[in-house]
Amino acid sequence: MIQGAKHVVCAMSGGVDSSVSALLLKRRGFQVTGVYMKNWDFLDERGHCSSERDAEDAYKVCRMLDIPFHQVSYVKEYWHDVFSNLLKEYEKGRTPNPDILCNKHIKFNHFFQYAIRTLGADAIATGHYARTSQDDEEVFRQPRMSKSQSLFRNRFEVRNSVRLLQGADHIKDQTFFLSQISQESLKRTLFPLGELTKEYVKKMAAEAGFKHVLQKKESMGICFIGERCFQKFILEYLEPQPGNFVSIEDGKIMGTHKGWFTFTLGQRARIGGQKDAWFVVDKDVMSGDVFVAPTTNHPALYREIMRTDRFHWIADEPPAELIHNKMMECNFRFLHQMPFVPCNVTLNQDGSVWVTLTKPVRALTPGQFAVLYKGDECLGSGKIVRMGPSMYTLQHGLEKRKVPIKPFAQEGQSAEPAG
Ligand SMILES: Nc1ncnc2c1ncn2[C@@H]1O[C@H](COP(=O)(O)OP(=O)(O)OP(=O)(O)O)[C@@H](O)[C@H]1O
């Protein structure tokens, strides 16, 4: 360790990305500590506790790098801040995104506080593919300031916020999942992989002899579900709420289901006795009805307007352009890696926003996050809580008034969680 070197605590999952992050930090001359977080106390689909193996893999890398290793448990915090929230959202008929909430509450809050306060770190690091607007040295010069409490900053306050930028490898970019993290934590975060491609990172891992992490499968989907069937998993936590599948076109009952929360919009619904594929287009939590349509690109799945809850701006406050003009053009996505869709955003008094897309998108889903970008900057996100009418509803209304309708582009995506 170099005398007087800055202390960086690296979140290490036992995977390739965080292992190479720790390696790079060490090479840059930082005093590095590796920390493994246990967030979920459960056996996987094969009855193994995968977190034990991951912790061991992280420990092995720390030993190879000759850096201290700690393990912390956030099982309780994850349950309260992420999982119980997720169950409530499903009960409301929404499809939540636990990965975004895990970053917000666990990694960039509990872990961040532990690293800075308990381990006395100067900064934290993760293996996310993302960048910020400050270089390494600036991270350590950041003054400690508390978050401003009001919606808009006092005009005499110095504006010096750090921006969250997409990773140079746009295919791997993970800013979508970081769109709810606090400015306070971002100011003290290093993303050592921000400028690198996944291929290059794997090559570095091989050169460093991290064979045991390279052999692992990439984590897919929601960490605590693993490869289990989502419907079976969620029914272990929520009481079944039987209801009907109802055709959106003629109101005909097509079959029954065990609960609206086992489906997400855009998903193919397996309806007993039906040979053809049907797709979930809407839900009514009051009646328990799940509305279905006979084609994957049915207009009932396409919408272009949504409202969020109070929007989380990474910079702590809305962009000046939005405050001054009351409207701002930028890019939108609600799924990781979906192509950007240009949009117009307006700000409401309560801090929520309306997002109007320049073209309708398939399977916009309440509970998912509307993430906004300007160039390669991730501005932040807000949870989708209301949606405008579907193209199907609009077509019906316009047909009744005999007004010609615009055609719309068709794409095939749906929110991940209830896959
Ligand atoms: N259980 C964990 N303990 C400590 N840090 C973690 C843990 N899970 C994730 N992280 C941190 O969050 C980063 C992103 O995790 P995520 O699982 O989304 O991506 P990943 O590409 O699979 O990363 P990795 O290859 O490091 O596992 C990791 O690189 C690591 O820094």
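Bear in mind the structure is a predicted one, so any value in this text is a computation, not a measurement.

## Some thoughts on the pairing of strand 18 (residues 369–374)
Now for step 1: Of all six residues making up strand 18, five are buried, and the element is well covered by its neighbours.
Now for step 2: In this structure, strand 15 (residues 327–333) lies alongside strand 18, joined through three bridges in antiparallel fashion. The partner of N331 across the bridge, within strand 18, is Y373.
Now for step 3: Counting the residues that bridge the hairpin from strand 18 to strand 19 (residues 377–387) gives two residues, and of these G375 lies at a positive phi of roughly 60°.

## Some words on the sheet that holds strand 4 (residues 123–125)
Now for step 1: The strand order 3-2-1-4-7 describes an open sheet built from five strands, whose pairing is parallel. Looking at strand neighbours, the two that pair on one side only are strand 3 (69–73) and strand 7 (189–190), the edges of this open sheet.
Now for step 2: Two strands pair when backbone bridges link them, and strand 1 (residues 7–11) and strand 2 (residues 31–38) are joined in this way by five bridges, in the parallel orientation. Within strand 2, the position partnered with V9 by the bridge is T33.
Now for step 3: Against the sheet, helix 1 (residues 16–27) makes contact with strand 1, strand 2, strand 4 and strand 7, and its axis sits at roughly 170° relative to strand 1, the strand it touches most.

## Remarks on helix 2 (residues 50–65)
Now for step 1: Its 16 residues give helix 2 an end-to-end C-alpha distance of 23 Å, which sits within 8% of 22 Å, the value for a rise of 1.5 Å per residue.
Now for step 2: Within the span of helix 2, buried status applies to S51, A55, D57, A58, V61, C62 and L65. Buried residues in helix 2, looked at end-on, bunch into an arc of 160°, giving them a common side. Seen from the open side of helix 2, the exposed residues pointing more than 90 degrees away from its buried face are E52, E56 and R63.
Now for step 3: Next to the buried residues of helix 2 lie helix 1, strand 2, strand 3 and helix 8 (211–214).
Now for step 4: Just downstream of helix 2, D66 is the residue with a positive phi angle, here 60°.

## Some points on the domain arrangement of the protein
Now for step 1: Domain assignment breaks the protein into domain 1 (7–142 + 158–214), domain 2 (241–296) and domain 3 (303–393).
Now for step 2: Averaged C-alpha coordinates put domain 2 and domain 3 at centres separated by 27 Å.
Now for step 3: With nine residues of domain 2 at the contact, the number on the domain 3 side is eight residues.
Now for step 4: Carbon and sulfur atoms supply 45% of the area buried between domain 2 and domain 3, which totals about 550 Å² over both sides.
Now for step 5: The largest contributions to the domain 2 side of the interface with domain 3 come from L265, G266 and T296, which together make up 58% of the buried area.

## Points about the nonpolar core
General note: in soluble globular proteins, nonpolar side chains tend to be found buried as a group.
Now for step 1: F111, L164, F245 and V292 are the most contacted members of the largest nonpolar core, which totals 55 residues.
Now for step 2: Sorting the residues of this core by element identifies strand 1, strand 2, helix 3 (75–91), helix 4 (98–118), helix 9 (230–234), strand 11 (278–284), strand 12 (289–293) and strand 18 as the ones contributing at least two each.
Now for step 3: Those residues in contact with F245 that sit more than four places away from it in its chain are K252, I253, M254, G255, T256, H257, F263, A269, R270, I271, V290 and V292.
Now for step 4: C10, M12, Y129 and V139 belong to the second largest nonpolar core, which has 31 residues in total.

## A few points about the packing of helix 1 against helix 7 (residues 198–207)
The description of two packed helices rests on the angle between their axes and on the distance between the axes.
Now for step 1: At a minimum axis separation of 9 Å, helix 1 and helix 7 run at an interaxial angle of 70°. Compared by their axis directions, helix 1 and helix 7 come out roughly perpendicular. Two secondary-structure elements touch here, helix 1 through V16, D17, V20, L23, L24 and R27 and helix 7 through K198, V201, K202, M204 and A205.
Now for step 2: Looking at the contact of helix 1 with helix 7 residue by residue, the classes come out as seven nonpolar, no polar and four charged.

## Let's talk about the site of the ligand
Now for step 1: Taken together, 16 residues lie near the ligand, and A11, S13, D17, S18 and M37 sit nearest.
Now for step 2: Within the side chain of D17, a nitrogen or oxygen atom sits 2.5 Å from an oxygen atom of the ligand.
Now for step 3: Measuring from an oxygen atom of the ligand, one finds a side-chain N or O atom of K107 at 3.3 Å.
Now for step 4: Computed on the free molecule, the ligand has an accessible area of 580 Å², of which 83% lies beneath the protein chains in the complex.

## What to know about the packing of helix 3 against helix 4
Now for step 1: For the pair helix 3 and helix 4, the least separation of the axes is 10 Å and the interaxial angle reads 160°. It follows from the interaxial angle that helix 3 and helix 4 lie roughly antiparallel. Handedness of the helix 3/helix 4 crossing: right-handed. The residues of helix 4 that touch helix 3, namely those facing E77, Y78, D81, V82, N85 and L86, are P98, L101, C102, H105, I106 and H110.
Now for step 2: Residue composition of the contact of helix 3 with helix 4, grouped by class: seven nonpolar, three polar and two charged.

## Some words on the UniProt feature "domain: tRNA-specific 2-thiouridylase MnmA-like C-terminal" (unreviewed entry) in the protein
Now for step 1: Using the residue numbers shown here, the UniProt feature "domain: tRNA-specific 2-thiouridylase MnmA-like C-terminal" (unreviewed entry) corresponds to residues 305–384.
Now for step 2: The span residues 305–384 is 8% helical and 59% strand by assignment, and the distance between its end C-alpha atoms comes to 10 Å.

## Details of the confidence of the model for the protein
Now for step 1: When pLDDT is averaged along the protein, the result is 90, and 87% of the positions lie at 70 or above.
Now for step 2: ipTM for the predicted complex: 0.98, alongside a pTM of 0.91.

## Some words on the environment of G209
Now for step 1: Position of G209 among the secondary structure elements: in the loop between helix 7 and helix 8.
Now for step 2: A relative accessible area of 34% places G209 in the partly exposed class.
Now for step 3: G209 sits 145 residues away from M64 along the chain, and the two C-alpha atoms are 8.8 Å apart.

## Observations concerning the pattern of salt bridges
Now for step 1: Following the criterion strictly, the structure yields twelve salt bridges and no others.
Now for step 2: Of the charged contacts in the structure, one is a salt bridge between E195 and R131, with a shortest N-O distance of 4.0 Å. Taken together, the residues span a long stretch of sequence, with E195 in the loop between strand 7 and helix 7 and R131 in strand 5 (residues 130–132) at a distance of 64 residues.

## Looking at the side chain of T189
Now for step 1: As for its position among the elements, T189 is in strand 7.
Now for step 2: Only 2.6 Å separates the side chain of T189 from the backbone oxygen of S185, close enough to count as a polar contact.
Now for step 3: With residues near it in sequence (within four places) discarded, T189 still touches F108, I124 and V139.

Each value, and the rule that gives it
Residues numbered from 1 in each chain as written. Predicted model: local features only at pLDDT ≥ 70, side-chain atom pairs only at ≥ 80, totals over all residues. Heavy atoms only, no water. Buried < 20%, exposed > 50% of the residue type's maximum accessible area, 1.4 Å probe, protein only. Helix = DSSP H or I, 4+ residues; strand = E, 2+ residues; numbered from the N terminus. Pairing = 2+ DSSP bridges. Contact = heavy atoms within 4.5 Å. Axes fitted to C-alpha atoms, helices over the stretch in contact; angles between N-to-C directions. Expected span 1.5 Å × (residues − 1). Arc of directions from axis to C-beta. Domains from an automatic or database assignment. Buried area = accessible area lost by both parts, 1.4 Å probe. Core = buried A, V, L, I, M, F, W, Y, C linked by side-chain atoms within 4.5 Å. Parallel < 35°, antiparallel > 145°, perpendicular 65-115°, else oblique. Nonpolar A, V, L, I, M, F, W, Y, C, P; charged D, E, K, R; others polar. Near = heavy atom within 4 Å. Polar contact = N/O pair within 3.5 Å; in protein donor to acceptor, adjacent residues only side chain to side chain. Areas by Shrake-Rupley, 256 points an atom, 1.4 Å probe, with all protein chains shown as cover. Left-handed = near helix turned anticlockwise from the far one by under 90°. UniProt positions renumbered as here; feature names shortened; annotations may be inferred. pLDDT = per-residue confidence, 0-100. Salt bridge = Lys/Arg side-chain N within 4 Å of Asp/Glu carboxyl O.

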